[in-house]
Amino acid sequence: MRSYHLTWRVFLAGAAVVALTVTQPASAQMPELVDGKLPALADGFPNRPIVLLVIDEPGSTDSVFASQLAEAASKISPQPVVVEHRIDFTNFGTWEGLAWVQDQGDLATQGYINFIYTLPDATIDLLAIDIESQVGVGLDDLNGIIGAERVPIVMIQRSDAPWGDTLEDMVAYAKEHPGEIRHISGGPGSGHDATMQSWLRRLGITVQDVIGGTPAERALAVASGEGDINTSPVDVFQPHMDAGRVEPLMISGKDLPPPWDQLPSAQGTLGWTDDPFGQVRAIAAVPEIPDEHRDWLYSLYRAATQDPAYQEKRLQISGLQILDLDHQELRRIADTAIEKVKPIYQEKGIYWADQQ
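A brief look at the structure comes next.

What counts and what doesn't
Residues numbered from 1 in each chain as written. Predicted model: local features only at pLDDT ≥ 70, side-chain atom pairs only at ≥ 80, totals over all residues. Heavy atoms only, no water. Helix = DSSP H or I, 4+ residues; strand = E, 2+ residues; numbered from the N terminus. Rg over C-alpha atoms; globule rule 2.2 N^0.38 Å. Buried < 20%, exposed > 50% of the residue type's maximum accessible area, 1.4 Å probe, protein only. Expected span 1.5 Å × (residues − 1). Contact = heavy atoms within 4.5 Å. Pairing = 2+ DSSP bridges. Axes fitted to C-alpha atoms, helices over the stretch in contact; angles between N-to-C directions. Arc of directions from axis to C-beta. 1 Å grid on protein atoms, 1.4 Å probe; cavity = no way out; pocket = protein on both sides within 12 Å on 5 of 7 lines; lining within 4 Å. Points joined across faces, edges and corners; volume = space filled by probe spheres on them. Nonpolar A, V, L, I, M, F, W, Y, C, P; charged D, E, K, R; others polar. Core = buried A, V, L, I, M, F, W, Y, C linked by side-chain atoms within 4.5 Å.

### Side note on the overall build of the chain
Moving on, step 1. Helix and strand counts for the chain stand at 13 helices and eleven strands.
Moving on, step 2. Against the globule reference of 21 Å for 356 residues, the chain gives a C-alpha radius of gyration of 21 Å, in line with a compact fold.
Moving on, step 3. Along the first, second and third principal axes, the C-alpha atoms of the chain reach 65 × 55 × 35 Å.
Moving on, step 4. Evaluated residue by residue, the chain yields a buried proportion of 53% over its 356 residues.

Structure below.
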């Protein structure tokens, strides 16, 4: 394994954030802009505002994404795109939110209510608990419209770790001291925990799992020395890295913008081409909407993500990649996550179906 090292605080101080925009040609059936506007369909859709539902509180990361996307989409849509928030769901909010949207009748089935979700996090829920029995919906009910962006997940360590400051150093230490390194975990059902458990197995090492709190609290635990390693989104651990309290070891994905291209990457440097991890922010609808309406919404949101003003705002998030993933590609991510994580949960005795 090759050793990587970078003086992050110096590099980031002068680094410009560059995004990888992944584009693909629209199919012949996809609606196209005419004079900068997306015409309504022949059946009149949409003839009322489109609601973009955030299953979180105002000001959250999903909320900011939705607000910026809705602003860009409203410029080209025949009807405004408005953002609404719901904060009364549990930790399995994606699925409870989907069930709630399904209960909204024609507004939902015609495609006037869309909602934000993230992959593979939402998929991991299906392994930790019997969502379909408890909520009444499952993976086949999640009708993905577009995967609009990906924020990488990074394995971080405390800066004063005794083994050094590279992934190679950490792996060598862990093999000599099995079970000694403290991993601050989100616990069963956490997408970040599933990421770490998968990576640890690929690296061939074992650690001590310590259940932490929120992502911010877990990153703080590593920064303060109460834990040794963690997986975390960039925006969560960035303040601790800037303060010299944590160091990055590896990152999800591949073809990342600077400075993250200096780290070993799961799909790139390490060659784990089937690794599904990272955080893809996507938009979905209920399964009953006509395909023609879903395709129209895909074209709307896809065009909105290409808006220069929108991209300028989103690319302020370090490491963010603007994507263009369609319905089938989103389902592939979900299926791959289940394929990779299910054996791990079975091994740890936390797969819900094995406990019945």
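Read on, since the account is not over.
### Looking at helix 13 (residues 327-348)
Moving on, step 1. In a regular helix each residue adds 1.5 Å, so 22 residues correspond to 32 Å; helix 13 covers 32 Å between its end C-alpha atoms and thus fits that length.
Moving on, step 2. Taken as a whole, helix 13 has its buried residues at Glu 329, Leu 330, Ile 333, Ala 334, Ala 337, Val 341, Ile 344 and Tyr 345.
Moving on, step 3. Buried residues along helix 13 sit against strand 3 (113-119), helix 5 (121-128), strand 4 (143-151), helix 8 (191-203), strand 10 (279-285) and strand 11 (321-325).
Moving on, step 4. The positive-phi residue at the C-terminal boundary of helix 13 is Gly 349, with phi of around 75 degrees.

### Here we look at the sheet that holds strand 3
Moving on, step 1. Spatially, the six strands line up as an open sheet ordered 2-1-3-10-4-11, and their pairing is mixed. Both outer strands of the open sheet, strand 2 (81-85) and strand 11, are each paired with one neighbouring strand and no more. With strand direction ignored, the average angle separating the axes of adjacent strands in the sheet is 25 degrees.
Moving on, step 2. Across three bridges, the pairing between strand 1 (residues 50-54) and strand 3 is parallel. Bridge pairing links Val 51 to Ile 113 in strand 3.
Moving on, step 3. In the packing of helix 11 (residues 291-305) onto the sheet, contacts are made with strand 1, strand 2, strand 3, strand 4, strand 10 and strand 11, and the angle to strand 4 comes to roughly 20 degrees.

### Concerning helix 7 (residues 167-176)
Moving on, step 1. For helix 7, the complete set of buried residues consists of Leu 167, Met 170, Val 171, Tyr 173 and Ala 174. Buried residues along helix 7 cover an arc of 165 degrees about the axis, so they all sit on one side. Residues of helix 7 that are exposed and point over 90 degrees away from its buried face: Lys 175 and Glu 176.
Moving on, step 2. On its buried side, helix 7 packs onto strand 5 (153-158), helix 8 and strand 9 (246-251).

### A look at the layout of surface pockets
Space left empty within the atom packing is revealed by a probe, the size of a water molecule, rolled over the atoms.
Moving on, step 1. Taken as a whole, the largest pocket encloses approximately 1400 Å³ of empty space.
Moving on, step 2. Lining the largest pocket we find 42 residues, and of these Asp 56, Thr 118, Asp 121, Pro 215 and Gln 279 sit closest to its centre.
Moving on, step 3. Secondary-structure elements contributing two or more residues to the lining of the largest pocket are helix 2 (61-76), helix 3 (93-102), strand 3, helix 5, helix 8, helix 9 (215-223), helix 10 (234-242) and strand 10.
Moving on, step 4. Per-element tally for the lining of the largest pocket: the top contributor is helix 5, with four residues.
Moving on, step 5. Looking at the lining of the largest pocket, its residues break down into 16 nonpolar, 15 polar and eleven charged.

### Overview of the nonpolar core
Moving on, step 1. Of all hydrophobic cores here, the largest spans 59 residues; its most connected members are Trp 95, Phe 115, Tyr 117, Ile 283, Leu 300 and Tyr 301.
Moving on, step 2. If we ignore the near neighbours within four places in the chain, the residues touching Trp 95 are Ala 122, Asp 125, Leu 126, Ile 131, Val 135, Val 137, Gly 138, Leu 139 and Leu 142.
Moving on, step 3. Leu 249, Val 341, Ile 344 and Ile 350 belong to the second-largest nonpolar core, a separate cluster that totals 29 residues.

Take it as geometry only, folks, not as evidence of what the structure does.
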